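# Structural features, examined
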Amino acid sequence: MNIQQTSSSNVNENDNGSFIGINVPLLSNETFRQIREKRFSMFKPWSDFFDRNRISKPKDFSDITKRVSHNIVYFQANYLIIVLVLLIYIMITNLLLLISVVAIGAGFYYVSKPPSNEPVSFFGGMVVADQKKLYIILGILSVILFYLSSGGSALFWIVGVSSTIILIHASLLEPSIESEFAQTV
């Protein structure tokens, strides 16, 4: 009985899925693959997305809400691609933000590699810190880099432009006959 308790405590101590005492599952390639397959299986053809014959002025506010609620669900993968394209655009146009994001990502990757109970040494052993302290330091550096690289304005720009594009498209595009038929059946 005592052997089982010590072996289970060793498993919990060496678990890399915990972050500052909170168990968070690590994102693996399998998880990303499942998310990608699920999201992009819902992708609709661009010819359906840009169908000029279905674009019309909404009659009233209830028509707008009906169209927006339908189109956001129906075209969610297409809208996600639009947001990703805008994200890539802002990263290319703001080089300091791109460098900051890559540096922060590399820092989190480096900090997550060793086991959480093992201290990490820097500068030839002069500085030793555990994983919890490294995450705190990296979080503070992330906020500073995000501020210096105008990450806040880039974030608000992406949210503003993508929501404007999505809401205009979703409110002007009439639901297709096939999708209305699928809702009634």
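That block above? That's the structure.
Our subject in this report is the structure included herewith. The shown structure was predicted, so the numbers you read here are calculated from the model rather than taken from an experiment.

Following the criterion strictly, the structure yields nine aromatic pairs and no others. Judged by centre distance (4.8 Å) and plane angle (85°), the rings of Tyr74 and Phe75 are edge-to-face. The rings of Trp46, Phe49, Phe50, Tyr74, Phe75 and Tyr79 are connected pair by pair, giving a single aromatic cluster. Across from the ring centre of Tyr74, 4.7 Å away, lies the NZ or CZ of Lys44, which sits over that ring.

Now for the environment of Val159. Along the chain, Val159 falls in helix α8 (residues 151–172). For Val159, a relative accessible area of 47% gives the class partly exposed. Between the C-alpha atom of Val159 and that of Val83, which follows or precedes it by 76 residues, the distance is 8.4 Å.

Another aspect to go through is the layout of surface pockets. In this structure, the second largest pocket encloses a volume near 170 Å³. As for the second largest pocket, its lining consists of 14 residues, of which Leu87, Met91, Leu97, Val101 and Phe146 are closest to the centre. Listing elements by their share of the lining of the second largest pocket, those giving two or more residues are α5 (76–93), α6 (95–112), α7 (131–148) and α8. Grouping the amino acids of the lining of the second largest pocket by side-chain chemistry returns eleven nonpolar, three polar and no charged.

Definitions and limits used
- Residues numbered from 1 in each chain as written.
- Predicted model: local features only at pLDDT ≥ 70, side-chain atom pairs only at ≥ 80, totals over all residues.
- Heavy atoms only, no water.
- Phe/Tyr/Trp six-rings, centres within 6.5 Å; stacked < 30°, edge-to-face > 60°.
- Lys NZ or Arg CZ within 6 Å of the ring centre and 35° of its normal.
- Helix = DSSP H or I, 4+ residues; strand = E, 2+ residues; numbered from the N terminus.
- Buried < 20%, exposed > 50% of the residue type's maximum accessible area, 1.4 Å probe, protein only.
- 1 Å grid on protein atoms, 1.4 Å probe; cavity = no way out; pocket = protein on both sides within 12 Å on 5 of 7 lines; lining within 4 Å.
- Points joined across faces, edges and corners; volume = space filled by probe spheres on them.
- Nonpolar A, V, L, I, M, F, W, Y, C, P; charged D, E, K, R; others polar.

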